[in-house]
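Single-letter residue listing:
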Amino acid sequence: MSFNWCFIGTGKIARRVAKQIMTIEGHKIVSVYNRTKKKAISFAEVFQGRVYDTAFEAINDSKVEGVYIATTNDTHFDFIKLCLENKKPVLCEKPLTGNAKELQKLLKLNAKNQTFFSEAMWTWFNPVSLQVKKWIKENKIGKIKSADCRFCVPLFGYKKNIRLSSVEKYGGALLDLGVYCVRYMYELFGLPNRIISTGKLYNGVDIFNKSQFIYDNFTANVASRFNLYQGDTCVIKGEKGTIKVPLFHRANKAILKTKKERVVFKDNRPKFTYQFAQVAKDIKEGKKESFVSLKSSLEVLQLMDEIRKQIGVIYSCDK
Ligand SMILES: NC(=O)c1ccc[n+]([C@@H]2O[C@H](COP(=O)([O-])OP(=O)(O)OC[C@H]3O[C@@H](n4cnc5c(N)ncnc54)[C@H](OP(=O)(O)O)[C@@H]3O)[C@@H](O)[C@H]2O)c1
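Conventions adopted
Residues numbered from 1 in each chain as written. Predicted model: local features only at pLDDT ≥ 70, side-chain atom pairs only at ≥ 80, totals over all residues. Heavy atoms only, no water. Pairing = 2+ DSSP bridges. Helix = DSSP H or I, 4+ residues; strand = E, 2+ residues; numbered from the N terminus. Salt bridge = Lys/Arg side-chain N within 4 Å of Asp/Glu carboxyl O. Buried < 20%, exposed > 50% of the residue type's maximum accessible area, 1.4 Å probe, protein only. Domains from an automatic or database assignment. Buried area = accessible area lost by both parts, 1.4 Å probe. Nonpolar A, V, L, I, M, F, W, Y, C, P; charged D, E, K, R; others polar.

Caption draft 1: Region of the structure containing the pairing of strand β8 (residues 194-202). Examined bridge by bridge, β8 and strand β9 (residues 205-214) share nine bridges and lie antiparallel to one another. Each bridged residue has a counterpart across the sheet, and for Arg194 the counterpart in β9 is Ile214. Here β8 folds back onto β9, and the loop between the two strands holds two residues, one of which, Asn203, carries a positive phi near 55 degrees.

Right, dumping it as structure tokens:
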């Protein structure tokens with residue numbers, strides 16, 4: 001199937017994604033916008049696409065079938081709004097917006113325009129995550145006793161990277177890394193009854209956050225940080241066994257261990273390809289969202305709003 005993408009933003013993740021898009025048969029980048037034009041030009045030299053001076057022109061290139069937004073968190077709202085107002089199908093990097101209130105505004109706007117809109121939450125297009133969800137649904141490990149989901153890795157030079165360390169850019173470990181942990185627990189177990197969170201702040205953003213998600217019969221521990229390695233694995237323990245997912249947000253394998261069996265589910269394909277192939281198919285079929293739903297994006301933002309409230313991270317969109 002052919003599909004023509006417009007890229008808004010040509011930073012690190014855009015380049016990683018573009019490399020994989022080139023491997024999907026029929027997918028092309030036809031149009032590009034970046035705030036700093038010379039970076040858009042050097043991007044297009046490698047990955048193709050016509051470079052435009054404004055995002056408005058780029059998304060309105062007549063060949064464009066879908067727009068991918070890969071700019072910093074604080075800019076997502078305006079770029080998504082631009083796409084929805086122009087009825088351009090849009091896939092935007094995580095987190096969709098700074099808080100739930102901003103996403104609600106966009107959903108309201110889109111209720112009129114009915115344009116395809118989805119979060120680039122690639123973890124949940126990954127067959128490994130979907131297999132883990134299936135094991136939980138099939139009750140393979142029985143009644144859940146505990147869960148631990150952490151994304152605690154040293155991001156070298158994070159203090160100098162304003163995308164990560166400034167409150168103006170909606171930085172912090174929770175929105176950058178923790179979004180995957182919160183989403184993982186949400187996808188497997190739904191909304192918790194209660195959350196108890198603590199964190200450590202630097203420049204008004206969290207370099208560390210830790211939460212207990214209290215469910216009916218168990219507690220899930222969720223943590224993210226970018227100043228120290230403390231693991232990036234998800235472990236779920238049940239009465240009958242354990243599920244372990246190393247590098248859970250981009251997993252190539254998950255291990256199910258019970259008294260009866262040990263199963264290793266593996267998938268080594270480049271992980272962004274699943275998300276982009278699925279979203280292109282959804283757009284071609286006229287769908288308005290993907291199976292990674294907007295309701296789930298909204299509820300995860302509401303959980304992160306609550307964590308930020310408890311640890312004291314306040315963005316301009318909260319005021
Ligand atoms: N899915 C994943 O695995 C993954 C991984 C990393 C990041 N992300 C997400 O991807 C997004 C970008 O992250 P990144 O690592 O690619 O960051 P990055 O390398 O710092 O790139 C940031 C991009 O945003 C643009 N930008 C910054 N401020 C802007 C503004 N005020 N107006 C317009 N454009 C602006 C930059 O343009 P200039 O070139 O002009 O500075 C650049 O294109 C974030 O939302 C992040 O959460 C996702």
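Caption draft 2: Structural context of the pattern of salt bridges. Following the criterion strictly, the structure yields 19 salt bridges and no others. Here Asp267 and Lys271 are joined by a salt bridge, their closest N and O atoms 2.9 Å apart. You'll find Asp267 and Lys271 in the same group, each marked buried. For Asp318, the salt bridge is made with Arg308, and the minimal N-O distance between the two is 2.7 Å. Taken as a pair, Asp318 in the segment after α10 (294-311) and Arg308 in helix α10 lie far apart in primary sequence, ten residues in all. Given a relative accessible area of 28%, Asp318 falls into the partly exposed group. Arg308 sits in the buried class, given a relative accessible area of 2%. Among the charged side chains, a salt-bridge network with shared partners connects Glu119, Lys133, Arg183 and Glu187.

Caption draft 3: View of the domain arrangement of the protein chain. Examined at the domain level, the protein chain breaks down into domain 1 (3-121 + 273-291) and domain 2 (124-269 + 301-318). Centre-to-centre separation of domain 1 and domain 2, based on C-alpha positions: 25 Å. Taking both sides of the interface into account, the surface hidden between domain 1 and domain 2 amounts to around 2200 Å²; carbon and sulfur atoms contribute 59%. Interface area lost by domain 1 to domain 2 is led by Lys94, Met121 and Tyr274, which between them contribute 31%. Of all the secondary-structure elements, those providing two or more residues to the side of domain 1 that touches domain 2 are α5 (100-113) and α9 (271-284). The residue makeup of the side of domain 1 that touches domain 2, split by class, is seven nonpolar, ten polar and six charged.

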